[in-house]
Structures are given as structure tokens and as C-alpha cells.
Amino acid sequence: MHHLFFFGALIGLAALLAALEVQIEGPHGWAANLPTWRIHNRFTRATLSGRPLTGYHVFLFTFVFVFVHWPFLSGLANWTLAGELRVLSFNFLFWVLEDFLWFIFNPAYGWAKFHHSHIWWHEPTWWWVAPRDYWVLTTLGLVLYYLSYRLA
């Protein structure tokens, strides 16, 4: 039952944020047309797969990271290593699913345009049928999820 709740919440919350981001960004992914600051240098190219760091994404990523830690921060749950690994797992899997659903929900993209030739911000790091980040973060998220139950 825990697995069902974890993955159900993951899908539901990722879908909600993806739908909201489609409304915010429209067809212009990676905050391309938003009034936000951007930093693009060697460090951001290496850590963000060639994308610039934007103020929009700094605050969005920080908000979600704090939000998923809220049970620990508010005292609703006691912090444990197993719990932290599960939260980090959720965070990594959340971003992969949220990003993918952004394309699926976005009328300017959809399944037909989920391809590196249509997505400049993922294009240089595309592996087979998905961006490299999806493969890396999904693997990391699933390993952390597995470890969270091994340590519990």
C-alpha cells in the first residue's frame, strides 16, 4: 500500500505542476520567454545539461525541495535516513515525470514532438528516446527508493 500511495502521489502532483507550468510557459520551455534572470556559464552548462540557470527554476526547484521535506520540517514526521532517501527519491522521480508530462500536456508539443529536434533545452543530451537527465534521475530515484526500504 505504501508503494501505491507513493507513486500515486508522485503522478498526481507531477501532473498538477506540469499543467500549471504549461499555463505559465506556454510553448516556450525552460522559461525562454519569462521575465527572469539567466546565468549561462561553464558551471551551468555542466550541471544543467547545457541549459542556463534561471531565477524561475531556482525558486521552483527550491519550493518543491522544501515542500517534499515539509513533514520533517513541520514535525509531522521524525527525520530518519530512510525517510530522507524516500523524500529524495520522490524529488528526483517527480522532476522527470513533471518534465515529461509538461510535453504531453502542452498543445505545442504532445507525444509527436517529444523528440530532441523539437526541444532545444534537452537536445544536446538526448539518449535514445529521452533526455539523459531522465535516465540518470530515474535511476537515482529508484535506487534511493529501494534503499529507503532496505534501511527502514
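This text goes with the structure placed above it.
Bear in mind the structure is a predicted one, so any value in this text is a computation, not a measurement. (Residues numbered from 1 in each chain as written. Predicted model: local features only at pLDDT ≥ 70, side-chain atom pairs only at ≥ 80, totals over all residues. Heavy atoms only, no water.)

Participant: Just checking my understanding: could you explain unusual backbone geometry for this structure?
Facilitator: Only a minority of non-glycine residues have a phi that is not negative, and only a minority of peptide bonds are not trans. The phi dihedral of A31 is positive, around 55 degrees, even though this residue is not glycine. Its place among the elements puts A31 in the loop between α1 (2-25) and β1 (38-39). A relative accessible area of 0% places A31 in the buried class. (Helix = DSSP H or I, 4+ residues; strand = E, 2+ residues; numbered from the N terminus. Buried < 20%, exposed > 50% of the residue type's maximum accessible area, 1.4 Å probe, protein only.)

Participant: How should the nonpolar core be read in this particular structure?
Facilitator: The nonpolar side chains of soluble globular proteins are, as a tendency, buried together. Formed by 32 residues in total, the largest nonpolar core has its most connected members in F94, W102, F103, I119 and W121. Contributing elements (two or more residues each) for this core: α1, α3 (55-68), α5 (81-105) and α6 (132-151). Here the element with the most residues in this core is α5; it accounts for nine residues. In this structure, F103 is in contact with Y109, G110, F114, I119, W121, H122 and Y134, ignoring residues within four places of it in sequence. (Core = buried A, V, L, I, M, F, W, Y, C linked by side-chain atoms within 4.5 Å. Contact = heavy atoms within 4.5 Å.)

Participant: Any chance you could explain α1 here in plain terms?
Facilitator: An α-helix turns once every 3.6 residues. As a result, residues three or four positions apart point the same way. The end-to-end C-alpha distance of α1, which contains 24 residues, comes to 34 Å, matching closely the 34 Å that a straight helix rising 1.5 Å per residue would cover. Within α1, burial applies to F6, L10, A14, A15, L17, A18, E21, V22 and E25. Against the buried residues of α1 lie α3, α5 and α6. Positive phi shows up at G26, right after α1, with a value of about 60 degrees. (Expected span 1.5 Å × (residues − 1).)

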